[in-house]
Amino acid sequence: MTAPEVSAPVSTETTLPADVLTVRGLDVAVHDQRLIEDVSFTIRAGERVGMIGESGSGKSLTALSIMGLLPEGLEASGSVRLAGVDGDLLAADERAMSRVRGNDIAMVFQEPMTALNPTMKIGRQVAESLLIHRTRPDGKSAHAAAVELLVQVGLPDPAAAAQAYPHQFSGGQRQRVVLALALANDPALLVCDEPTTALDVTVQAMVLDLIVRGVERRHAAMLFITHDLAVIAMACERVMVMYGGRVVESGPVREVFTKPRHRYTQGLIGASDLAVVDERGRLATIPGSVPAAGRFPAGCVFRNRCLHATEVCAERPPWTSTSQDAGFACFHPTSEDEGIDHG
Amino acid sequence: MVDAGATVSSSTPADPDAAISVRGVTRKYRRPRTSLLQPSPPVHALRGVSFDVAHGEHFGIVGESGCGKSTLLRILSGLDRATSGTVMVDGTDISDLPERKLRFLRERLQLVFQDPMGSLDPRMRLGDIVIEPLVAQGRPHRREDVAALLEAVGLRADAADRYPHQFSGGQRQRISIARALAPAPRIIVADEPVSALDVSVRAQVLNLLADIVDERSLTLVFVSHDLSVVRHVCDRVAVMNDGEIVEMGLTDEVYENPRHPYTRRLISAVPTLRKALAGATTADLTQESPS
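Criteria and cut-off values
- Residues numbered from 1 in each chain as written.
- Chains lettered and ligands numbered in written order.
- Predicted model: local features only at pLDDT ≥ 70, side-chain atom pairs only at ≥ 80, totals over all residues.
- Helix = DSSP H or I, 4+ residues; strand = E, 2+ residues; numbered from the N terminus.
- Rg over C-alpha atoms; globule rule 2.2 N^0.38 Å.
- Buried ≥ 20, exposed ≤ 12 C-beta atoms within 10 Å, placed from the backbone.
- Contact = placed C-beta atoms within 7 Å.
- Domains from an automatic or database assignment.
- Nonpolar A, V, L, I, M, F, W, Y, C, P; charged D, E, K, R; others polar.
- pLDDT = per-residue confidence, 0-100.
- Axes fitted to C-alpha atoms, helices over the stretch in contact; angles between N-to-C directions.
- Parallel < 35°, antiparallel > 145°, perpendicular 65-115°, else oblique.
- Left-handed = near helix turned anticlockwise from the far one by under 90°.
- Pairing = 2+ DSSP bridges.

Q: Would you explain the overall build of chain A in this entry?
A: Per the secondary structure count, chain A includes 11 helices and 11 strands. For chain A, whose C-alpha radius of gyration is 21 Å, the value lies close to the compact-globule estimate of 20 Å for 343 residues. Seen along its three principal axes, the alpha-carbon backbone of chain A occupies a region of about 65 × 50 × 45 Å. The 343 residues of chain A split such that 47% are buried. Relative to all contacts within chain A whose residues are 6 or more apart in sequence, the contacts with residues 24 or more apart total 64%.

Q: Looking at this structure, I do not really get the overall build of chain B. What am I missing?
A: For chain B, the helix and strand inventory stands at 11 helices and 10 strands. What you see for chain B is a C-alpha radius of gyration of 20 Å, in line with the 19 Å of a compact globule of 291 residues. In terms of its C-alpha atoms, chain B occupies a principal-axis envelope of roughly 55 × 50 × 50 Å. By residue count, 46% of the 291 residues in chain B fall in the buried class. Considering only contacts within chain B whose residues lie at least 6 apart along the sequence, 67% involve residues at least 24 apart.

Q: Got a minute to help me understand the domain arrangement of chain A in this structure?
A: Note on interface size: it is often stated as the accessible area lost on association of the parts. Residues and elements named next belong to chain A. Once the domains are mapped, chain A shows domain 1 (15-236) and domain 2 (246-328). Taking only C-alpha atoms into account, the centre of domain 1 sits 28 Å from that of domain 2. With 13 residues of domain 1 at the contact, the number on the domain 2 side is 12 residues. If you list the elements that add at least two residues to the side of domain 1 that touches domain 2, you get strand E2 (33-44) and helix H9 (229-235). When residues in the side of domain 1 that touches domain 2 are grouped by element, the largest group, six residues, is from E2. When grouped by side-chain class, the residues that make up the side of domain 1 that touches domain 2 number seven nonpolar, three polar and three charged.

Q: I would appreciate a short explanation of the confidence of the model for chain A in the present structure.
A: Atomic detail in the predicted coordinates should be set aside for any region of low pLDDT. Taken over all residues, the pLDDT of chain A has a mean of 90, while the share at 70 or more is 95%. Within the model, pLDDT remains below 50 along residues 5-13 of chain A, and this stretch shows one contact once partners closer than five positions in the same chain are excluded.

Q: Any chance you could explain the interface of chain B and chain A here in plain terms?
A: Each side of the interface is counted separately: chain B has 35 residues, and chain A has 36 residues. If you list the elements that add at least two residues to the side of chain B that touches chain A, you get helix H5 (169-181), helix H6 (199-215), helix H7 (227-233), helix H9 (261-269), helix H10 (273-277) and helix H11 (282-285) of chain B. With eight residues, H6 of chain B is the largest single contributor of residues to the side of chain B that touches chain A. Across the side of chain B that touches chain A, the residue classes tally to 16 nonpolar, 14 polar and five charged.

Q: Where do I start with unusual backbone geometry in this structure?
A: Most peptide bonds take the trans configuration, and most residues that are not glycine carry a negative phi. Residue and element names in this part refer to chain B. A positive phi is found at alanine 184, a non-glycine position, where the angle reads about 50 degrees. Despite not being glycine, aspartate 242 has its phi angle at roughly 55 degrees, a positive value. Within the secondary structure layout, aspartate 242 lies in the loop between strand E9 (236-241) and strand E10 (244-250). When the 15 C-beta atoms within 10 Å are taken as the criterion, aspartate 242 is described as partly exposed.

Q: I would appreciate a short explanation of the domain arrangement of chain B in the present structure.
A: Residue and element names in this part refer to chain B. In terms of domains, chain B is made up of domain 1 (20-257) and domain 2 (258-291). Using only C-alpha atoms to locate each centre, domain 1 and domain 2 end up separated by 28 Å. Taken together, the contacts link nine residues of domain 1 with 10 residues of domain 2. Elements with a minimum of two residues in the side of domain 1 that touches domain 2: H7, E9, E10 and helix H8 (251-256). When its residues are assigned to classes, the side of domain 1 that touches domain 2 shows five nonpolar, three polar and one charged.

Q: Quick question: what am I supposed to make of H9 of chain B here?
A: Owing to its 3.6 residues per turn, the α-helix brings residues three or four apart onto one side. When H9 of chain B is considered as a whole, its buried residues turn out to be Tyr262, Thr263, Leu266, Ile267, Ser268 and Ala269 of chain B. Where H9 of chain B is buried, its residues touch helix H8 (201-218) of chain A together with H7, E9, E10, H8 and H11 of chain B.

Q: In this structure, what is going on with the packing of helix H4 (residues 122-132) of chain A against helix H7 (residues 171-183) of chain A? I would like to understand it.
A: For any two helices packed against each other, the geometry is given by the interaxial angle and the distance between the axes. Residue and element names in this part refer to chain A. Two numbers describe how H4 lies on H7: the axes approach to 9 Å, and their chain directions differ by 20 degrees. Compared by their axis directions, H4 and H7 come out roughly parallel. Considering how the two elements wind past one another, H4 and H7 form a crossing that is right-handed. Each of Ile122, Gln125, Val126 and Ser129 in H4 lies in contact with H7, whose residues at this interface are Val177, Ala180 and Leu181.

Q: I'm lost on helix H1 (residues 59-67) of chain A in this one. Help?
A: Every buried residue belonging to H1 of chain A is among Lys59, Leu61, Thr62, Ala63, Ser65 and Ile66 of chain A, and all of these are buried. Of the residues one or two after H1 of chain A, glycine 68 of chain A is the one with positive phi, at around 70 degrees.

Q: Would you explain the sheet that holds strand E5 (residues 92-93) of chain B in this entry?
A: Remark on secondary structure: sheet strands pair via backbone hydrogen bonds, oriented parallel or antiparallel. All names here are of chain B. The strand order across the open sheet built from four strands is E2-E1-E4-E5, with neighbouring strands paired in antiparallel fashion. With partners counted over all chains shown, the strands left at the sheet margins are strand E2 (42-53) and E5, one partner each. The sheet contact formed by strand E4 (residues 84-89) and E5 spans two bridges and is antiparallel. Residue pairing across strands places valine 89 opposite threonine 92, the latter belonging to E5.

Q: How should the sheet that holds strand E11 (residues 326-328) of chain A be read in this particular structure?
A: Residue and element names in this part refer to chain A. Strand order in the open sheet made by the eight strands is E5-E6-E7-E3-E8-E9-E11-E10, with mixed pairing throughout. Of all strands in the sheet, those bounded by a partner on one side alone are strand E5 (105-108) and strand E10 (320-323). Looking at each pair of strands side by side, their axes are set apart by 20 degrees on average, direction ignored. Bridging between strand E3 (residues 48-52) and strand E7 (residues 221-226) involves five bridges; their strand directions are parallel. Opposite methionine 51, over in E7, you have isoleucine 225 as the bridge partner. Each of E5 and strand E6 (189-193) is contacted by H7, which is oriented at about 175 degrees to E5, the strand it contacts most.

Q: Just checking my understanding: could you explain the pairing of E10 of chain A for this structure?
A: The two faces of the sheet receive side chains in turn, since in a regular strand these alternate between them. Residues and elements named next belong to chain A. Of the pairings in the sheet, the one linking E10 to E11 comprises three bridges and is antiparallel in character. Opposite serine 323, over in E11, you have alanine 326 as the bridge partner. Taking the residues that link successive antiparallel strands as the turn, the E10-E11 hairpin has two residues, and the phi of aspartate 325 there is positive, at about 65 degrees.

Here it is as structure tokens:
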């Protein structure tokens, strides 16, 4: 996939908000095996972008490379730039990255218990982040700000909550604490990796709403990673579809989910729609299953499961750009008027 | 007689003609003591649950974590005992039967669990896993049975020599289903069978389950936190909250016209593509939908 052109000083572009995150040609490999290939995208201030994919699609690895948290042995190349930070994040050393994380980039992961220190009261944990990044001058004002953040994420009795330990909270409340921690230093970019997957539906609804409100209030950029199409559709404006370590399609949520162009996106939407069944009452499916990492076919990564694949798909499909930030990589896309009716 | 209507009173006697008939089942647990002076208060996991499932019916149980749905399943399958109340499976009261008399239950009713990795022994070959329910019950079995079971769930017969880790999540769930089918049960109880699966595989497993239940005219009890999955699979649904059934009825009716406030909250909290494309935002998920 070629990146959407960076240098196109068209008049419409000047009205867009500033770029916050710019990823160009990101590759991640272990030994000689490529896990992520040529991922490029831009997220601007105030923009909420979703990244969707099934397990093994490379979505979490993308997030980890942006934050410089790749596990030992995995090598990232390409470039990741963040507004307000000099140089390439991929080239930055751990010292520099630890100043960026929690300050310019913050993250919320799936499992809130592992993100919190079990031996520290949560008020102190939030205050610590404010002190380390010198957002607050002293302990007292940091503690006051921490309580204010706990108010913002809707914890009941925030003053008492600040004095409690993580194990005293439920899963949803812990995720609120993690969110308070993530938003503490008003980050330019919030990365959420399956933040609500482990939560009950009613709790998920509350946490999603808090994330969206917290990001909107700070006019921050958001990268939201999940396998749940409906969650992305509710929380984001733009979506990237990942499969086999590549972005196979991207565009505005409404367009991608009503008029998918890539055959994988089309299959994914069909398979997740439980209200549409055939005459026997059966759901639409994608044949086969997601291959293990490194076992994806060459050329188009989806071709071994695709009903439309031909010989040409042994070549790598080029990126067809439909507008800025939108496009797909498929030799046999759905036609433009072939939409999906969501009733 | 199973009535689609809302409630079954705990005072009416259990129905011996139903596949499953549950009356006034409660289950109390005691937490470990935290004080020397007084025992810790009991946890009421089930507070008087009553319902009937007719033969061949697809019955759904929906609720969030801690609502008591897993406790109920354990009691239905004879893995746990009710503190009070009656559970009848195929006309036999299992509430007071000793373990050695539950053999008929293991033949009649089989379970499919959520986590296909945790419920398959990693050191057993597929062939042995699938046939184990028969071995455990000391029933005769042949090698052809294994092949037939694997083929019934869309796996190749030569998979019998392989181990669970060699299969993907969706295939492992197929193996669990094959194992459940081994004793030719009349009732399948599925506990969140697709919650751990990827979207593209979830549809395959739901279709397989539907095929098998239809072909063999089985009774299905399907437990899930996901109301839209239950709506697709089940004719009738019971919504559980805090150890009680707060609403019960035909799935479409409950979905379209929820009466209990908890059901309304549950339905409005589920994000869907339809809602999003109709312009709903995350703030709308936290609102209780108007009935």
